[in-house]
Amino acid sequence: MTAPATASAASTTLAPRRWILDLGATALLVATAMVGFWPTFAGPSFLPAVIGGILLGLAIAAVATWRRWGILIIAGLTVAAYFVFGAAFALPQTAILGIIPTLETLQKLALGTVTAWKQMLTTVAPVAAADGHLIVPFLLALVVTTLTASLALRLSQVAWALLPAGVLLMLVIALGTPEPAFPLVQGLVFAVVSMSWLALRQLWAPQNMAVSVSEVDPSRAAHMRTRRLLAGVAVLAVAGGAGVATAAVATPAQPRHVFRDVIIPPFDIRDYPSPLQAFRKNVRDEAEETLFTVQGLPKGARIRTAVMDQFDGMVYNVTDGGPTSSSAFAPLRSNMAPEAEGVPVTLKFAIDEYRGVWMPTAGELSEIRFDGDRAEDLRRGTFVNTVTGTAVATPKLTGGDEYVVDAVMPSEPDDEQLAEVAFGSVSMPKPSNVPEELTSLAAETVAGAETPIEQVRALETFLSEGGFFSHGLEGEVLSRAGHTAERISTLVGADQMIGDDEQYAVAMALLAGQLDIPARVVMGYYPDDEQAGEAVFTATGDNVHAWVEVNFEGVGWMTFNPTPPEDQVPNDQNTKPRVDPKPQVLQPPPPPQEPVDLPPTLPDDRESEDESLNLAGIIGAILLIGGISLAVIAVLASPFIVIGAWKAAKRRSRRAAARTSDRISGGWDELTDRAVDYGARLAPGGTRIEEAAVVASSLTVPQVTALAERADAEVFGPAEPSPQDVESFWHEVDEIVGGLGKEAGFWKRVKARLSVRSLVGGTAVSNGLQNLKEAAAARVRREPGTIKNSTTTSFSESETP
């Protein structure tokens, strides 16, 4: 009896320590896996949701294990915690005071279980926490923590608890970005925590702690445990070092592939022509038209519509690809410029005659909010490039559209501040089909410049002061539209440089490119000197412009204006021939360039049609079907939850009775209730021996007879049964009840779980129904004799004289 007693004492002593170990290891593993979302959210904004989910999951698992609740109650508590605490941890922007859930919060939480996954995968990272993307990390942390901790606390083999944690690690990687967060730290911590957990659980197992003091010296036993602990630490250190070395050698050259690689937003900016092609059309046809109005535009600020950085000899356009290029447009989201520095502004745009997909914006974009009847369509169809500060609305802007832009206007240093600043090390696309004479012209122009800013100013001055301005409209000097290689060659090679913003901006950008200066062309609107400072800027075709931006290290993109003033026009008095003019080769006139019309408005269901062709549509359909299935399952499973909770409550009350004899009686009642659920017909008021005989005959469970005799002996014995007797009795009851389920088929087990016969048995309603049933049976037994006697009496009376 010494060894079992020692093992029991050791188990009792180690229970709190084991709980702390299991809960702590679970929290560390889940947190380690969830850190993989760092690049997805571009920072720690998701951590409060993860921490909240982990704490809630640990609490649910600990309480459920302590109270011995089953899986149905655990599932119900998890669902309740998700909806109650989801407002604070996942959707604080929709909750009252950021804590109390509203109807909107509950609706988004319910739909988020199905749609949040698709929204995160179809939004180009980094995603914003304010857009509802915190539902994914909160839900994953809550569910996986609850499952992992419950398995760890209830099972003797803790290795099973590592399965959901490992699945979570892989799922976070798949839902994240190709750029890993902290792969070395994640892998090392996950491996060390897992091995340490397994080792300590094995070391603290009751059978390994059952060391008899009479057989082993206590100091020697402590020494042995210390040696095993140190040996385990050494093994972990060696394994960790080997893992680090292996990871350093075997790091793949290619980035990892995730779901986001194949689920891309169905949008390509190259589907639309370069807006610079329509520059002369804007000047010619919309000079007096009110295109849009802007409220809140600071003095000196400019409205931009498009940024172009690639030249192919025919047109200046956006770059064809690249995560940081002018074509890297992503779906609209909140907090798009968290690290922007400058003056925050709020601009209110109202569209009048402006038509097109390129949205007028300004500064470094932080957020765009739409108003009006088409607000939702515009929001779903708007894509933003935070690198260039431009936006595109695929439904196409039209009259009556209104939106608000929150942006940051960066400050522009002067030339003195840029005197020692180098050009930025940004990657620029290499232009093609550039006129050959631009290479030597660029070198000659900057020959006397010593600093980067002086080189750019030299190019700007060469064009703005050495050329003349003309749109080529009626009454103006001839100036052909377009910015092809031939047109730019004619501009810089003629006796007189004549053109407008379209030609001069492209010429300066190409000249800068020959010197490896990072430059790009920007098209947009800004007020003239008379309109500057007005509360509302009214943009017309006369305000359309194109200019050049050059990147400086640590400063960003600076604005330069190579176009001559509009009053600098050629005439007989100011004609300035070029020095050493090169002979010009007469070339055939180019075909007339008609303005390129933008493509028609995309249908509203473009996104859904495109997504149906790729994996995003497939996953979306799967998630939708899964969500509907979960909802149906939840409705169908509600009887299980209610009835299971009711039966579990009765079981707990029986096991927790004040007197041990009542616990024995409760154990027998638990057995008979389950027998009734499986079809046994027990007469009310019977003794335990009589009930055992019925159960043994109807369910073929002969061992219940001995258990009934034992229950009578314990309950009616001279002394109260001990707690060990109670535990032993209940253990036997559980074995018999478990045997009932094993012998029965699947549908019979389901029927037994849903049965309410054991719940209503013994109640006033059931007793009343039983009395009515017995009275009806007795009446049926009496009716034949009653009819016979009545007939005889009647007959006798008829024969009486």
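The structure under discussion appears in the preceding block.
Because the structure is a prediction, the values reported are computed rather than measured.

So, on to the nonpolar core. If you look at the biggest cluster of nonpolar residues, it comprises 85 residues, and the most contacted ones within it are Phe-292 and Ile-368. Considering each element in turn, this core owes the most residues, nine residues, to helix α17 (residues 501–514). If sequence neighbours within four positions are ignored, Ile-368 has contacts with Leu-332, Met-336, Met-359, Val-384, Ala-391, Tyr-403, Val-404 and Val-405. Counting residues in hydrophobic clusters, the runner-up holds 57 residues, among them Leu-58, Ile-73, Tyr-82 and Leu-169.

It is worth spelling out the sheet that holds strand β8 (residues 364–371) at this point. Taken together, the five strands give an open sheet; going across it, the order is β8-β11-β6-β1-β15, and neighbouring strands pair in antiparallel fashion. The open sheet has two edge strands, β8 and β15 (536–539), and neither has a second partner. Strand-to-strand twist of the sheet, defined as the mean angle between neighbouring strand axes without regard to direction, takes the value 20 degrees. In terms of strand pairing, strand β1 (residues 292–295) meets β15 through four bridges, oriented antiparallel. Looking across to β15, one finds that Thr-293 is bridged to Thr-538.

What follows covers the pattern of salt bridges. Think of it this way: side chains of opposite charge can pair up when their charged atoms draw near. Following the criterion strictly, the structure yields 23 salt bridges and no others. We note a salt bridge from Arg-710 to Glu-732, for which the minimum N-O separation is 3.0 Å. Of this pair, Arg-710 sits in helix α22 (residues 704–715) while Glu-732 is found in helix α23 (residues 723–743), placing the two residues 22 residues apart along the sequence. You can call Arg-710 partly exposed: its relative accessible area is 25%. Note on Glu-732: relative accessible area 25%, which makes it partly exposed. Here the residues in one salt-bridge network are Lys-650, Arg-654, Glu-670, Asp-673, Arg-674 and Asp-677, joined through shared partners.

A contiguous nonpolar surface patch, about 400 Å² in accessible area, is contributed by Trp-38, Phe-182, Leu-184, Val-185 and Val-189. If one sorts the elements of the nonpolar patch by residue count, helix α8 (residues 183–203) sits on top with three residues. Along the chain, Trp-38 falls in helix α2 (residues 38–41). Judged by relative accessible area, which is 31%, Trp-38 ranks as partly exposed.

Moving on, we come to the sheet that holds strand β16 (residues 544–552). Spatial ordering of the open sheet is given by β2-β14-β16-β17, a layout of four strands whose pairing is antiparallel. Where the open sheet ends on each side, the last strands, each with one partner, are β2 (303–308) and β17 (556–560). Across the sheet, the mean angle separating the axes of adjacent strands is 35 degrees when strand polarity is ignored. The pairing of β16 with β17 spans five bridges and is antiparallel. When the bridges of β17 are listed, Phe-552 appears paired with Gly-556.

Moving on, we come to the packing of helix α7 (residues 162–175) against α8. Between α7 and α8, the least distance of the axes is 12 Å, while the angle of their chain directions is 175 degrees. Comparing their axes, α8 and α7 come out roughly antiparallel. Judged by residue contacts, Leu-162, Ala-165, Gly-166 and Leu-169 of α7 engage Gln-186, Phe-190, Ser-194, Trp-197 and Leu-198 from α8. Within the contact of α7 with α8, the residues separate by chemical class into six nonpolar, three polar and no charged.

Note on strand geometry: in a regular strand, side chains alternate between the two faces of the sheet. Sheet topology places β1 next to strand β6 (residues 343–351); four bridges connect them, and they run antiparallel. When the bridges of β6 are listed, Val-294 appears paired with Phe-349.

In this section: the environment of Ser-653. Here Ser-653 is to be found in helix α19 (residues 615–655). On the basis of relative accessibility, which here comes to 48%, the residue Ser-653 falls in the partly exposed class. Each C-alpha atom of the pair Ser-653 and Gly-666 lies 8.5 Å from the other, and the pair is 13 residues apart in sequence. There is a polar contact of 2.7 Å between the side chain of Ser-653 and the backbone oxygen of Lys-650.

How each quantity is defined
- Residues numbered from 1 in each chain as written.
- Predicted model: local features only at pLDDT ≥ 70, side-chain atom pairs only at ≥ 80, totals over all residues.
- Heavy atoms only, no water.
- Core = buried A, V, L, I, M, F, W, Y, C linked by side-chain atoms within 4.5 Å.
- Buried < 20%, exposed > 50% of the residue type's maximum accessible area, 1.4 Å probe, protein only.
- Helix = DSSP H or I, 4+ residues; strand = E, 2+ residues; numbered from the N terminus.
- Contact = heavy atoms within 4.5 Å.
- Pairing = 2+ DSSP bridges.
- Axes fitted to C-alpha atoms, helices over the stretch in contact; angles between N-to-C directions.
- Salt bridge = Lys/Arg side-chain N within 4 Å of Asp/Glu carboxyl O.
- Patch = residues over 30% accessible without salt bridge, like charges linked within 9 Å, V, L, I, M, F, W, Y side chains within 5 Å.
- Areas by Shrake-Rupley, 256 points an atom, 1.4 Å probe, with all protein chains shown as cover.
- Parallel < 35°, antiparallel > 145°, perpendicular 65-115°, else oblique.
- Nonpolar A, V, L, I, M, F, W, Y, C, P; charged D, E, K, R; others polar.
- Polar contact = N/O pair within 3.5 Å; in protein donor to acceptor, adjacent residues only side chain to side chain.

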